[in-house]
Each structure stands twice: as C-alpha cells, then as structure tokens.
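Chain by chain, the residues:
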Amino acid sequence: MLDLTRFPRAALTDGPTPIRSLDRLSTHLGSALNGVRLFVKRDDVGPVGGGGNKLRKLEFLLGQALADRADTVITVGALQSNHARLTAAAAARLGLACELFLTRSVPRDDPDYTGNGNRLLQDLFGARVHLLPGEADSLAQAEARAEALRSEGRRVAVFPSGGSSPLGCLGYAACAAEIAEQAAHLGLDFSRVVVPNGSAGTHAGLAAGYFALGRDPGLVLSYAVLASEAEARAATHHRARETAALIDPALNLPEDGIVVDGRHRGPGYGIPTEGMREAVRLMARTEGLLLDPVYSGKAFAGLLYDVGAGAYPPGATVLFVMTGGVPGLFAYRGAL
Ligand SMILES: *Cc1c(COP(=O)(O)O)cnc(C)c1O
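Right, let's walk through the structure included here. Since we're looking at a predicted model, the values are computed, not measured.

Rules and cut-offs
Residues numbered from 1 in each chain as written. Predicted model: local features only at pLDDT ≥ 70, side-chain atom pairs only at ≥ 80, totals over all residues. Heavy atoms only, no water. Near = heavy atom within 4 Å. Polar contact = N/O pair within 3.5 Å; in protein donor to acceptor, adjacent residues only side chain to side chain. Areas by Shrake-Rupley, 256 points an atom, 1.4 Å probe, with all protein chains shown as cover. Helix = DSSP H or I, 4+ residues; strand = E, 2+ residues; numbered from the N terminus. Nonpolar A, V, L, I, M, F, W, Y, C, P; charged D, E, K, R; others polar. Domains from an automatic or database assignment. Buried < 20%, exposed > 50% of the residue type's maximum accessible area, 1.4 Å probe, protein only. Pairing = 2+ DSSP bridges. Axes fitted to C-alpha atoms, helices over the stretch in contact; angles between N-to-C directions. Contact = heavy atoms within 4.5 Å.

By nearness alone, 17 residues border the ligand, and Lys54, Lys57, Ser199, Thr202 and Thr323 come closest of all. Contacts to the ligand include lysine 54, whose side-chain N or O atom sits 2.9 Å from an oxygen atom. Separating an oxygen atom of the ligand from a backbone N or O atom of alanine 200 is a distance of 2.9 Å. Relative to its unbound accessible area of 380 Å², the ligand is 98% covered by the protein chains. Going through the elements one at a time, helix H2 (54-67), strand S7 (192-197) and helix H8 (201-212) are the ones with two or more residues in the shell around the ligand. Its residues assigned to classes, the shell around the ligand comprises three nonpolar, eleven polar and three charged. In this structure, the shell around the ligand is formed jointly by two domains, domain 1 (19-51 + 165-335) and domain 2 (54-163), each of which donates at least three residues.

A few words on unusual backbone geometry. Positive phi is not limited to glycine here, since asparagine 34 has a value of about 55°. You can see asparagine 34 is positioned in the loop between helix H1 (23-29) and strand S2 (37-42). Given the relative accessible area of 30%, asparagine 34 is considered partly exposed.

All right, on to the sheet that holds strand S3 (residues 72-78) then. Strand order in the open sheet formed by four strands is S5-S4-S3-S6, and the pairing between neighbours is parallel. Of all the strands in the sheet, just strand S5 (128-133) and strand S6 (156-159) have a single pairing partner and so form its edges. Strand-to-strand twist in this sheet, taken as the mean axis angle between neighbours without regard to direction, amounts to 20°. On the sheet, H2 packs against S3 and S6 and is oriented at approximately 155° with respect to S6.

Dropping the structure here:
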C-alpha cells in the first residue's frame, strides 16, 4: 500500500517498535481518564546511539547519503539536540565523519546544559562540534563548511534541523504504515496518534503516511514545543505536502488535515513547564518509562490535560508515540 522500497535505507532500526497499553498509569488516573484507553509506541528505544525518533529519519537521509558515496555528514541543532546526537552515533556506525553546528538557542550556560546529556554524547560519538550563538544561521554555516570540504575532495551530505526534509519525513510515513499494521494485529483502531512537534517532521511524516494509505491525516495530533501553534501548523502542512508528493506526486494533502495544539509549549523551546515536570514524574513512577523535558514531556502533559478535560469520548483509544530524548533529562537535573 505504501511502497517506499525505491528509496535507499540505512539499517538503523530493528523492525517495528512495540506498542503497549499504559495499565498502571490508567489505574492511577482512574475516573480522570474519562474512559479513554492510553497506549504508547516505543520509538524511544533503538539499536543505535540511545534511540529516539530521529533514527527513522536518518535511515532515509543516510541511505541516500551512502548511495551518493558520502564520506561526511553535517547537521545542525540546539546545544542539547537529540537529532545531532543520533546523527553522530549513526555516522559512527556507518563509518562516516560527522560535524555538528550547534546553536545556543536556549538561554542557559550552566554545566548541566553545556556539558552533560546530549552534548556529552555528541563528543563521545566522535563528532566535530562547532558552537554558534543563538541567533546564528547554522544551516548557512553548515552549507559553507560543506562547500569548503567539497573543495578538498570530500563528499558531504548536509541534513536540516531535526532531519525534517521530505526524505527524512519518509521515516515517519513508513511509521504510519507500521502503526496501521500493528493496530490491525492488536484488533485496535486508534482514534488518535499523538506526537510532540519540534521541527515538524514526525507529525508531517505520519500525516503524509496516513494520507498515502487513504486514511485521514487528521488522525495525527501534535503538541508544538518549538514554534507557535500557527507557525507549527503551517510548517507541518508544508512538510507533509512535500512528503506526500515525494511518495506520489498525485497526492495533495489538504491544510485542514493538520491538527496542532500550541497550548503546552509554555514560555518557549527548552524552557520547563509545571505540566512537563508532572508528566515526566507520573510516567516514571507509574510505568517506569522515561519522557524527556523538551519534547515528549510537554506533549504528554498536553495529552493528559486533554484527556482530563473530556476531549475524547469514553472508549477512545489514543496512541502516544514516545520519541526518546532521555539524555535531555541529565541536562535538566535542576528543573526536575
Ligand atoms: C526531535 C524530537 C522530537 C520532535 O520531532 P520533530 O520531527 O522534530 O517534530 C520529539 N521528541 C524528541 C525526543 C526529539 O528529539
């Protein structure tokens, strides 16, 4: 139904990630659940670099880079970027050199933020790191560096923030097909699939995938953690359209198929909220599962809020995609 075999893929995942119900959390919440059944998909586990949602995108991005015989990959992100960490790990796994252009976009310069968590791991995976001020155009600098390396005879691939090019988003289009297949096996028909929205590629890919499968892309709901609600919706629609068109040029994904909620971002990207703290603690203490402080903690806080507010009818089945980011917890020790 969704044939992506013509796109080269680097092997960075281990087959379908598990889906399971949140039984102990549900018991704990009791009547506050309003009869909703909560499930998680464990995209936070993976065989490279500590796992996380960027591995699905990197399978396609690095698959193409290897097909182009690249020897070096460059990407961009915030100082605590999970995408930068996983790009460095995947490059190590595939024998490629990796350079990261990291911006100080979160107003923090304490040692937990600048030296622990993902920053520690980016170094450990052997990436060459370039640190930039928060307002720098990191992608322009990455492109300039790529040109300089090319002039020395290197073959360089540059990936955008979050790996959210149409090619990268295919990773989550494939995930939509994976979820549809797992749901059929489980005898479930998810009323909603919930994700965090940062660079918008996870949402965009899932929406494009469902659309290509003939399903409603509005099945997917994201909670924006980086851009405002309106900006995140526009960016997600743009990427989802491009991704769908890459799958099949005849696909024309409508704007009203993109559902984004911006009410749980709080003061800004990477800035903790009380809802995030509660969600991270609740999931840890009732399920032994780890959300992260920047993305999945805020998104899960949004989901808990909506469930409690009666946004779903009793009996609705909701799938939350756990996207990883565990190293971020160590950079947010003080907030937790
Ligand atoms: C990047 C990231 C996200 C957001 O995914 P996008 O595709 O950038 O919207 C969510 N969770 C974690 C842990 C991430 O690292």
